[in-house]
Amino acid sequence: MTELLRVQNLTKHFPVKRGLLRRQVGTVQAVTDVSFTLAPGETLAVVGESGCGKSTLGRAILRLHEPSSGEIRLDGEDVTALDTRDLREARKRMQIIFQDPYGSLNPRMTVRETLAEPLLLHGMATPANIRAKVDELITMCGLSAWHADRYPHEFSGGQRQRVGIARALATRPRLIVCDEPVSALDVSVQAQIVNLLQDLQRQLGLAYVFISHDLGVVRHIANRVAVMYLGRIVEQADTEELFLNPRHPYTRTLISSAPRPDPTVARHKLPVEGGTPSAMALPSGCAFHPRCPMAVDRCRAERPELRQLGGTLVACHRADEAVEGMDVAAAGKD
Ligand code: SF4
Ligand code: MG
């Protein structure tokens, strides 16, 4: 398999500073030791509750957040080692789409101006052909030349996201990090944007890192899924494998609590109490142990490493007995 992106042991920890002297009082372990690869034209979904580090991971891949350690290779090139000028070149090949397209579009610029900027900056167009290039880009995203001369506030949420996608495509990237690209949209519009992303992927051979908490969308769009919990990947598998045979108790929780469960997916009853612990004070051992109905003494003492189980990578001491154990746990509660 050819490899477009390789993320190796990526870590991003933020110092927390307080008071007049800005003394460091702690560290937010937003992303720790994350590794995965992505092939051209492939979609890897990253799922997990809010605060699990998925957005930080997405931004760190593009170095919008400077990684604390680890390596990011795009087409074999170590992105973490690039200086500012070379990083700007590399950013042509990797772009990001945000959840809130309104927040990321300049309200005082027409769509034409917004799209012309990256095209000219990166030499993808000249003043002589910029008009045609913008029209081409906007049409590709399902809008028309008429839309190009309007301002963001004149658009619906879905149209604004189309503009956000057009802007990301301006530099002809090979990789797009999609950070909750449809979460702010109405359900009917969500499907249109997801379809657009899939059409563009087929046409242009794009690879996506698709960050989402909506498992319905993820199952539809992703080839593989990585589940994050408190900054770490706890399970990674092909999409169907993950949904049909989730190995990590946390993955089971996510699937069983999804608002629109797929009736063909087995339901694993899992009573989970308590909210997500803070990424500033991680629980000992397995970070999921305070909420896990299968936790045993070992889980409190020893952090489970990711290991291969069939086609799945999973970080749980009891992953091989998970199905049985969970059913017992659920039966006990009924
Ligand atoms: Fe639960 Fe233990 Fe597995 Fe962590 S390692 S998910 S606490 S069973
Ligand atoms: Mg987020």
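No experiment lies behind these values; they were computed from the predicted model shown. (Residues numbered from 1 in each chain as written. Chains lettered and ligands numbered in written order. Predicted model: local features only at pLDDT ≥ 70, side-chain atom pairs only at ≥ 80, totals over all residues.)

(A) Layout of the overall build of the chain. Of the regular secondary structure elements, the chain holds 13 helices and twelve strands. Viewed in the frame of its principal axes, the chain has a C-alpha envelope of about 70 × 50 × 45 Å. Relative to its 334 residues, the chain shows a buried fraction of 42%. Of the contacts made within the chain by residues no fewer than 6 positions apart, 63% connect residues no fewer than 24 positions apart. (Helix = DSSP H or I, 4+ residues; strand = E, 2+ residues; numbered from the N terminus. Buried ≥ 20, exposed ≤ 12 C-beta atoms within 10 Å, placed from the backbone. Contact = placed C-beta atoms within 7 Å.)

(B) Layout of the site of ligand 1. Surveying the vicinity of ligand 1 reveals 13 residues, the closest of which are Cys286, His289, Cys292, Cys299 and Cys316. Residue composition of the shell around ligand 1, grouped by class: nine nonpolar, three polar and one charged. (Near = placed C-beta within 6 Å. Nonpolar A, V, L, I, M, F, W, Y, C, P; charged D, E, K, R; others polar.)

(C) Local environment of the sheet that holds strand E4 (residues 69-74). Sheet architecture is open: four strands sit in the order E2-E1-E4-E5, paired in antiparallel fashion. For this open sheet the edge positions go to strand E2 (23-38) and strand E5 (77-78), each flanked by a neighbour on one side alone. Alignment of strand E1 (residues 5-18) against E4, held across five bridges, turns out to be antiparallel. Looking at E4, one finds that leucine 5 is bridged to leucine 74. (Pairing = 2+ DSSP bridges.)

(D) Representation of the environment of glutamate 235 in the model. Here glutamate 235 is to be found in strand E10 (residues 232-238). Along the sequence, glutamate 235 and valine 314 sit 79 residues apart, while their C-alpha atoms lie 4.3 Å from each other. Discounting chain neighbours no more than four positions away, the residues touching glutamate 235 are Val227, Leu242, Arg247, His248, Thr251, Thr312, Leu313 and Val314.

(E) Quick peek at helix H1 (residues 54-61). Within H1, eight of the eight residues are buried, leaving the element largely enclosed by the surrounding structure. Every buried residue of H1 is listed here: Lys54, Ser55, Thr56, Leu57, Gly58, Arg59, Ala60 and Ile61. Looking one or two residues beyond H1, the residue adopting positive phi is arginine 63, at roughly 60 degrees.

(F) Molecular detail of the UniProt feature "domain: ABC transporter" (unreviewed entry) in the chain. Listed under "domain: ABC transporter" (unreviewed entry) in the UniProt record, and renumbered for this structure, are residues 5-255. Annotated as 39% helix and 28% strand, the span residues 5-255 places its first and last C-alpha atoms 27 Å apart. (UniProt positions renumbered as here; feature names shortened; annotations may be inferred.)

(G) Inspection of the nonpolar core at higher detail. In this structure, Phe210 and Val227 are the most contacted members of the largest nonpolar core, which totals 89 residues. In contact with phenylalanine 210, not counting residues within four places along its chain, are Thr43, Leu44, Ala45, Cys178, Val218, Ile221 and Ala222. (Core = buried A, V, L, I, M, F, W, Y, C linked by C-beta atoms within 7 Å.)

(H) Inspection of the sheet that holds strand E8 (residues 207-212) at higher detail. Here we have eight strands laid out as an open sheet, ordered E6-E7-E8-E3-E9-E10-E12-E11, and mixed in their pairing. The open sheet has two edge strands with one neighbour each: strand E6 (94-97) and strand E11 (307-309). Across this sheet, the average inter-strand angle for adjacent strands is 20 degrees, counted without regard to direction. Across four bridges, the pairing between strand E3 (residues 43-47) and strand E9 (residues 224-229) is parallel. Of the residues in E9, the one forming a bridge with valine 47 is valine 227. Along the sheet face, H1 touches E3, E6, strand E7 (175-179), E8 and E9 and points at about 155 degrees away from the line of E8. (Axes fitted to C-alpha atoms, helices over the stretch in contact; angles between N-to-C directions.)

(I) Representation of the pairing of E2. Bridging between E1 and E2 involves eleven bridges; their strand directions are antiparallel. The residue of E2 that forms the bridge with histidine 13 is glutamine 29. If you look at the hairpin formed by E1 and E2, you'll find four residues sitting between the two strands, and glycine 19 has a positive phi there, around 80 degrees.

(J) Seen up close, unusual backbone geometry. Its identity as a non-glycine residue notwithstanding, asparagine 9 has a phi of 50 degrees, on the positive side. Along the chain, the position of asparagine 9 falls in strand E1. Even without glycine at this site, arginine 63 takes up a positive phi of about 60 degrees. Here arginine 63 is to be found in the loop between H1 and E4.

(K) Quick look at the packing of helix H7 (residues 157-169) against helix H8 (residues 187-204). Packing of H7 against H8 brings their axes to within 10 Å, and their N-to-C directions diverge by 20 degrees. If you check the angle between H7 and H8, you find them roughly parallel. H8 is crossed by H7, and the crossing has right-handed handedness. For the pair H7 and H8, contact is made by Gly157, Gly158, Gln161, Arg162 and Ile165 and by Val189, Gln192, Ile193 and Leu196, respectively. By residue class, the composition of the contact of H7 with H8 is four nonpolar, four polar and one charged. (Parallel < 35°, antiparallel > 145°, perpendicular 65-115°, else oblique. Left-handed = near helix turned anticlockwise from the far one by under 90°.)

(L) The arrangement of the pairing of E6 in detail. Burial along E6 is two-sided: Met94 and Ile96 and Gln95 and Ile97, pointing in opposite directions, are all buried. Here four bridges tie E6 to E7, and the two strands are oriented parallel to one another. Within the sheet, the bridge partner assigned to isoleucine 97 lies in E7 and is cysteine 178.

(M) Examining the packing of helix H4 (residues 111-121) against H7 more closely. Interhelical geometry of H4 versus H7 gives an angle of 20 degrees and a closest axis separation of 8 Å. Taken together, the axes of H4 and H7 are roughly parallel relative to one another. The two elements H4 and H7 cross, and the hand of that crossing is right-handed. Side by side, H4 and H7 meet where Val111, Thr114, Leu115 and Pro118 of the first sit next to Val163, Ala166 and Arg167 of the second. Class assignment for the residues of the contact of H4 with H7 results in five nonpolar, one polar and one charged.

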